[in-house]
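# Structural features, examined
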Amino acid sequence: MTQTKRYSIGGMDCGGCAVSIEMLLKNQPGVKSAKVSFENKDAVIEFDDAAFNFGGVEKIIKAMGYTLSEPH
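Residues numbered from 1 in each chain as written. Predicted model: local features only at pLDDT ≥ 70, side-chain atom pairs only at ≥ 80, totals over all residues. Heavy atoms only, no water.

## What about the state of the cysteines?
For the record, the criterion: A pair of cysteine sulfur atoms is labelled a disulfide when the two atoms are within 2.5 Å. Under the scheme applied here, a residue whose accessible area is under 20% of the maximum for its type counts as buried, over 50% as exposed, and between as partly exposed, the area being computed with a 1.4 Å probe on protein chains only.
With the rule as written, the count across this model stands at 0 disulfides. Cys-14 carries a free sulfur, and the closest cysteine sulfur to it, the one in Cys-17, is 3.5 Å from it. Its relative accessible area of 33% is what places Cys-14 among the partly exposed residues. Residue classification places Cys-17 among the buried residues on the basis of a relative accessible area of 8%.

## Side note on the environment of Glu-22
Put simply, the test is: Secondary structure counts use DSSP, requiring at least four H or I residues in a row for a helix and at least two E residues in a row for a strand, with both numbered from the N terminus. Between two residues, a contact is recorded if the distance between any of their heavy atoms is within 4.5 Å.
Position of Glu-22 among the secondary structure elements: in helix H1 (residues 15–26). Along the chain, Glu-22 and Asp-48 lie 26 residues apart, while their C-alpha atoms are 17 Å from each other. What Glu-22 contacts, discounting residues up to four positions off in sequence, is Ala-34, Lys-35 and Val-36.

## Some details on helix H2 (residues 54–63)
Filter applied, for reference: Think of it as the arc spanned by the lines of direction from the helix axis to the C-beta atoms. Polar contacts here mean pairs of N or O atoms no more than 3.5 Å apart (in protein, one a potential hydrogen donor and the other a potential acceptor; neighbouring residues in sequence count only if both atoms are side-chain atoms).
Buried within H2 are the following residues: Phe-54, Val-57 and Ile-61. Around the axis of H2, the buried residues are gathered within 65° of arc, so they sit on the same side. Turned more than 90 degrees from where H2 packs its buried face, Lys-59, Lys-62 and Ala-63 sit exposed. Along its buried surface, H2 packs onto strand E1 (2–10), H1 and strand E4 (67–69). The residue sitting at the N-terminus of H2 and contributing the capping side-chain oxygen is Asn-53; that oxygen lies 3.1 Å from the backbone nitrogen of Gly-55. Two residues or fewer past H2, Gly-65 is found with a positive phi of approximately 100°.

## Focus: the pairing of strand E2 (residues 31–37)
Short version of the rule: When DSSP locates at least two bridges between a pair of strands, those strands are taken to pair.
In this structure, E2 lies alongside strand E3 (residues 42–48), joined through 6 bridges in antiparallel fashion. Counterpart to Ser-33 in the pairing with E3 is Glu-46.

## Topic: the sheet that holds E3
Condition: In this description, a line fitted to the C-alpha atoms serves as the axis of each element, helices being fitted only across the stretch in contact, and the angle between N-to-C directions of two axes falls anywhere from 0 to 180 degrees.
What the 4 strands build is an open sheet, ordered E2-E3-E1-E4; its pairing is antiparallel. The sheet is open, and its two borders are formed by E2 and E4, each paired with just one other strand. In this sheet, adjacent strand axes meet at a mean angle of 25° when their direction is disregarded. Judged from the 3 bridges that link them, E1 and E4 form a sheet pairing that is antiparallel. Residue pairing in the sheet places Ile-9 in a bridge with Leu-68 of E4.

What follows is the structure, encoded as structure tokens:
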């Protein structure tokens, strides 16, 4: 099943950060589309439930020096 969720991203300090994170997200299994906003400090991700691994994506983003929080 396809879902679209908004996630908060912490640690971005420029538009280049958003571009880097967006490129990383778009290359993750199950991600159909991703749009990262530096201004809003968030990402809107459309993904396939069966293939998307939030925990794995969160670890990769953390390794880049940012945080990714699930929506409440």
